There are 2 protein chains.
Amino acid sequence: MNAPISPPALTKNQTLVFGVLSEAEAPVSAYTILDRLRDHGFRAPLQVYRALDKLLEFGMVHRLESLNAFVACAHRESQCCGAGHGHGTVAFAICESCGQVAEFHDHEVDHRLEGWARQKGFRPVKTAIEIRGLCSSCAA
Amino acid sequence: MNAPISPPALTKNQTLVFGVLSEAEAPVSAYTILDRLRDHGFRAPLQVYRALDKLLEFGMVHRLESLNAFVACAHRESQCCGAGHGHGTVAFAICESCGQVAEFHDHEVDHRLEGWARQKGFRPVKTAIEIRGLCSSCAA
DNA sequence: TGCCACACGTTATAGCATAACGCAATTGAT
DNA sequence: ATCAATTGCGTTATGCTATAACGTGTGGCA
């Protein structure tokens, strides 16, 4: 369930924004994206936010709530969950030293959170799991 | 582990800010807190943020990352985990219709996330789990 | 042709958070 | 008692994040 909308061809702005996120080594804020695209004609925040909205809708990027920043989705064509994706909630581990983000998901966590919701009659729409800390390199 | 610092006597500003959060039925933004305390002499955002920083440190309030807002901690003197608290990560279910927030924790979720971290050598500092959706009343 | 949906561009504004300065009160060791 | 260190406080200014509201252009399609 909760499958992202299938990605149609991207528009020019969407392509540019996705490109910035794909090349980045760490989450990027909307205003940083704007700055990096000034040479491509970007002038206003809305150009970025509108592209981001669509990319989020397509499931191609994630928003990190605790950072107010964005990353390209790291698990396209990926590992588990059988055909395609449509995995459950994605969790993020964010290194506060080097900024790198690891993306993963865990069925058991999903089940537990779903179980709580079912029991309480809460209908989940979107779940954020973000672990801030130090990655193995930085914790050494 | 991760026990909040024991709460010393609160200062005047901390008491006022905590009062606003305690009486609120839903998360409150820093600027809303400011507005509600203008009659008590609050004039600037920093008065609020400084009090919030301390209350967060004492474990008396939580910040909701996906909302940029704050709530009083709902599980003082509480249910599980044996003596006192010192529970693990707290999760929030946030109703996007009525704004109410339910606070809970789940050991199994904690264990799974800790397990992932241990396996990856990631050292967690603070974890946010926020489920946005509709509460049972609003989903009806 | 006329309508609709959608992306886009621009200006303005709203909302969230902190830097940097200086003063006042408290504590606590000498 | 006094000095120094710490902590909270107040103020001004600034920066970062996000959206409202308006108008233009383009492509599909009855």
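In this text, all values refer to a predicted model and were calculated from it rather than measured experimentally.

A.B. asks: For the domain arrangement of chain A, give the residues involved together with the corresponding values.
C.D. replies: Residues and elements named next belong to chain A. Domain boundaries assigned for chain A yield domain 1 (10-73) and domain 2 (87-135). One C-alpha centre belongs to domain 1, the other to domain 2, and the line joining them spans 22 Å. The interface is formed by nine residues belonging to domain 1 together with nine residues belonging to domain 2. Considered class by class, the residues forming the side of domain 1 that touches domain 2 number five nonpolar, two polar and two charged.

A.B. asks: Which residues make up the interface of chain B and chain A, and what values do they have?
C.D. replies: Contacts between the two partners involve 31 residues from chain B, matched on the other side by 31 residues from chain A. Sorting the residues of the side of chain B that touches chain A by element identifies strand 4 (101-104), helix 4 (107-120), strand 5 (123-134) and helix 5 (136-139) of chain B as the ones contributing at least two each. Residues belonging to the side of chain B that touches chain A are distributed by class as follows: 16 nonpolar, five polar and 10 charged. The sheet contact formed by strand 5 (residues 123-134) of chain A and strand 5 of chain B spans 11 bridges and is antiparallel. Bridged to G133(A) within strand 5 of chain B is P124(B).

A.B. asks: Go over the protein's contact with DNA strand D, please, and point to the residues and values.
C.D. replies: Close to DNA strand D lie 19 residues; S29(A), T11(B), N13(B), R43(B) and A44(B) are nearest. When residues of the surface near DNA strand D are traced back to their parent elements, those giving at least two are helix 2 (30-36) and helix 3 (45-57) of chain A together with helix 1 (12-23) and helix 3 (45-57) of chain B. Ranked by residue count, the leading element in the surface near DNA strand D is helix 3 of chain B, at six residues.

A.B. asks: Let's hear about the protein's contact with DNA strand C: which residues, and what values?
C.D. replies: Residues in close proximity to DNA strand C total 19 residues, the closest being T11(A), N13(A), A44(A), S29(B) and N68(B). When contributions to the surface near DNA strand C are tallied by element, the ones reaching two or more residues are helix 1 (12-23) and helix 3 of chain A together with helix 2 (30-36) and helix 3 of chain B. In terms of residue count, the dominant contributor to the surface near DNA strand C is helix 3 of chain A (five residues). Partitioned by chemical class, the residues of the surface near DNA strand C number nine nonpolar, seven polar and three charged.

A.B. asks: Tell me about the relation of the copies chain B and chain A, residues and numbers included.
C.D. replies: Superposition record for chain B on chain A: RMSD 0.0 Å, screw rotation 180°, translation along axis 0.0 Å. Seen this way, the second copy is the image of the first under a two-fold rotation axis. When each C-alpha of chain B is compared by its distance to the rotation axis, I129(B) comes out closest, at 2.3 Å. Most of the interface of chain B is mirrored in chain A: 100% of its interface residues are interface residues there too.

A.B. asks: Which residues make up the packing of helix 4 (residues 107-120) of chain A against helix 4 of chain B, and what values do they have?
C.D. replies: Packing of helix 4 of chain A against helix 4 of chain B brings their axes to within 9 Å, and their N-to-C directions diverge by 160°. Relative to helix 4 of chain B, the element helix 4 of chain A lies roughly antiparallel. Relative to helix 4 of chain B, the crossing made by helix 4 of chain A is left-handed. Contacts from E108(A), V109(A), R112(A) and L113(A) in helix 4 of chain A reach E108(B), V109(B), R112(B) and L113(B) in helix 4 of chain B.

A.B. asks: Hey, could you go over the packing of helix 1 of chain A against helix 3 of chain A for me, with residue numbers and the actual values?
C.D. replies: All names here are of chain A. It is the contact of helix 1 with helix 3, at a shortest axis distance of 9 Å, that shows an interaxial angle of 85°. In this view, helix 1 runs roughly perpendicular relative to helix 3, as classed from their interaxial angle. In this structure, helix 1 uses N13, Q14, V17 and F18 to contact helix 3, whose residues at the interface are Q47, V48, A51, L52, K54 and L55.

The rules behind each value
- Residues numbered from 1 in each chain as written.
- Chains lettered and ligands numbered in written order.
- Predicted model: local features only at pLDDT ≥ 70, side-chain atom pairs only at ≥ 80, totals over all residues.
- Domains from an automatic or database assignment.
- Contact = placed C-beta atoms within 7 Å.
- Nonpolar A, V, L, I, M, F, W, Y, C, P; charged D, E, K, R; others polar.
- Helix = DSSP H or I, 4+ residues; strand = E, 2+ residues; numbered from the N terminus.
- Pairing = 2+ DSSP bridges.
- Near = placed C-beta within 6 Å.
- Least-squares fit on C-alpha atoms with pLDDT ≥ 70 in both.
- Axes fitted to C-alpha atoms, helices over the stretch in contact; angles between N-to-C directions.
- Parallel < 35°, antiparallel > 145°, perpendicular 65-115°, else oblique.
- Left-handed = near helix turned anticlockwise from the far one by under 90°.

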